[in-house]
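# Reading the structure
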Amino acid sequence: MNRYHPLSKLLHWLMAALILVAFGIGLAMADAPLSPKVLAQFSYHKWIGITVLALVALRLLWRLLKGVPAMPDSMKPWEKLAAHLGHLGLYLLMIGVPLVGWLMSSAKGVPVVYFKLVRLPDLIGPDKALGEQLAEVHETLAWLMVALIVVHVLAALKHHFVNRDTVLRRMLPFAKVEE
C-alpha cells in the first residue's frame, strides 16, 4: 500500500480544517468581552472540539483497521522515528485539547451542549480555580498543537520539494500516486 484510503484522506483534511477554525475562533473570543456574539463563538468552538474528539476516535479506529502506507525507504531511521513521534504527538493533542476544554467547561460550571441538542455530561464538578488552571492548560496545549502542525506541514513540504518523494501526494485528495 503506497497511498492512503479515501476515508483517511477525508478525515485528515476535515480535521485539519476543523482544528484551524476552532483555533481561530479561540483566538477571536479569548480576551473579548462577553456578548451574544462571543457566547455563540464559545458554542461553535465547543461543537468543533467535540466533533474533533469524535473524529479522532473514528480516525484511530480506521487506522487500526486499514493501516497506513509505509514510509519511504529513503528516510533515515531518525526521520522515521521523528515522524512516528510527531504523529503520536498530534493524535495525543487532538484528543487532549478538546478533552481539557470539556473538563474546563465542566469545572467552570458551563455545560457543553452539542449543537444545542445534546447536553454532554460534566466530566468533573464545579471548581472555579481548577477551571482557570484548565483554561491555561487548554490554551498551552492548543499552541503546542499549532506548533506541531507547522512542523508537520513543513516536513510534508520538505518531502515534496526537497526529497521529491510521494509522502505529501499520497495524502492529497486528488493526487495520483503510483502503487
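Our structure's up above, just so we're on the same page.
What follows concerns the packing of helix H1 (residues 6–29) against helix H2 (residues 36–66). Interhelical geometry of H1 versus H2 gives an angle of 155° and a closest axis separation of 9 Å. By the angle between their directions, the pair H1 and H2 is classed as roughly antiparallel. Once H1 is placed against H2, the crossing between them reads as left-handed. For the contact of H1 with H2, a count of residues per class yields 20 nonpolar, six polar and one charged.

Here we come to the nonpolar core. With 20 residues, the main nonpolar core has Met15, Ile48, Val52, Met94 and Met145 as its most contacted residues. Those elements that provide at least two residues to this core are H1, H2, helix H3 (77–107) and helix H4 (128–163). Top element by residues in this core is H1. It accounts for eight residues. Contact partners of Ile48, with chain neighbours within four places excluded, come to Leu18, Val21, Ala22 and Ile25.

With respect to the element layout, Ala83 can be found in helix H3. Each C-alpha atom, one on Ala83 and one on Ser8, is 17 Å from the other, the two residues being 75 residues apart in sequence. Setting aside its immediate chain neighbours within four residues, Ala83 contacts Met71 and Met75.

This part is about the side chain of Glu79. On the secondary structure map, Glu79 appears in helix H3. In terms of polar contacts, Glu79 uses its side chain to reach the backbone amide nitrogen of Lys76, at 2.7 Å. In this structure Glu79 touches Ser74 and Lys158, once residues within four positions along its chain are discounted.

Okay, unusual backbone geometry next. Backbone geometry at Lys116 places phi at a positive 60°, although glycine is not the residue there. Mapped onto the fold, Lys116 is located in the loop between strand E1 (113–114) and strand E2 (118–119). Even without being a glycine, Arg164 presents a positive backbone phi close to 55°. Tracing the chain through its elements places Arg164 in the segment after H4. For Arg164, a relative accessible area of 66% gives the class exposed.

We now examine the pattern of salt bridges. For the coordinates displayed, the defined rule picks out three salt bridges. A salt bridge links Glu132 to Lys108; the nearest nitrogen and oxygen atoms lie 3.5 Å apart. Of the two residues, Glu132 sits in helix H4 while Lys108 sits in the loop between H3 and E1, which places them 24 residues apart along the sequence. Judged by relative accessible area, Glu132 falls into the partly exposed class, the value being 41%. Between Arg119 and Asp122 there is a salt bridge, with its nearest N and O atoms 3.5 Å apart.

What counts and what doesn't
Residues numbered from 1 in each chain as written. Predicted model: local features only at pLDDT ≥ 70, side-chain atom pairs only at ≥ 80, totals over all residues. Heavy atoms only, no water. Axes fitted to C-alpha atoms, helices over the stretch in contact; angles between N-to-C directions. Helix = DSSP H or I, 4+ residues; strand = E, 2+ residues; numbered from the N terminus. Parallel < 35°, antiparallel > 145°, perpendicular 65-115°, else oblique. Left-handed = near helix turned anticlockwise from the far one by under 90°. Nonpolar A, V, L, I, M, F, W, Y, C, P; charged D, E, K, R; others polar. Core = buried A, V, L, I, M, F, W, Y, C linked by side-chain atoms within 4.5 Å. Buried < 20%, exposed > 50% of the residue type's maximum accessible area, 1.4 Å probe, protein only. Contact = heavy atoms within 4.5 Å. Polar contact = N/O pair within 3.5 Å; in protein donor to acceptor, adjacent residues only side chain to side chain. Salt bridge = Lys/Arg side-chain N within 4 Å of Asp/Glu carboxyl O.

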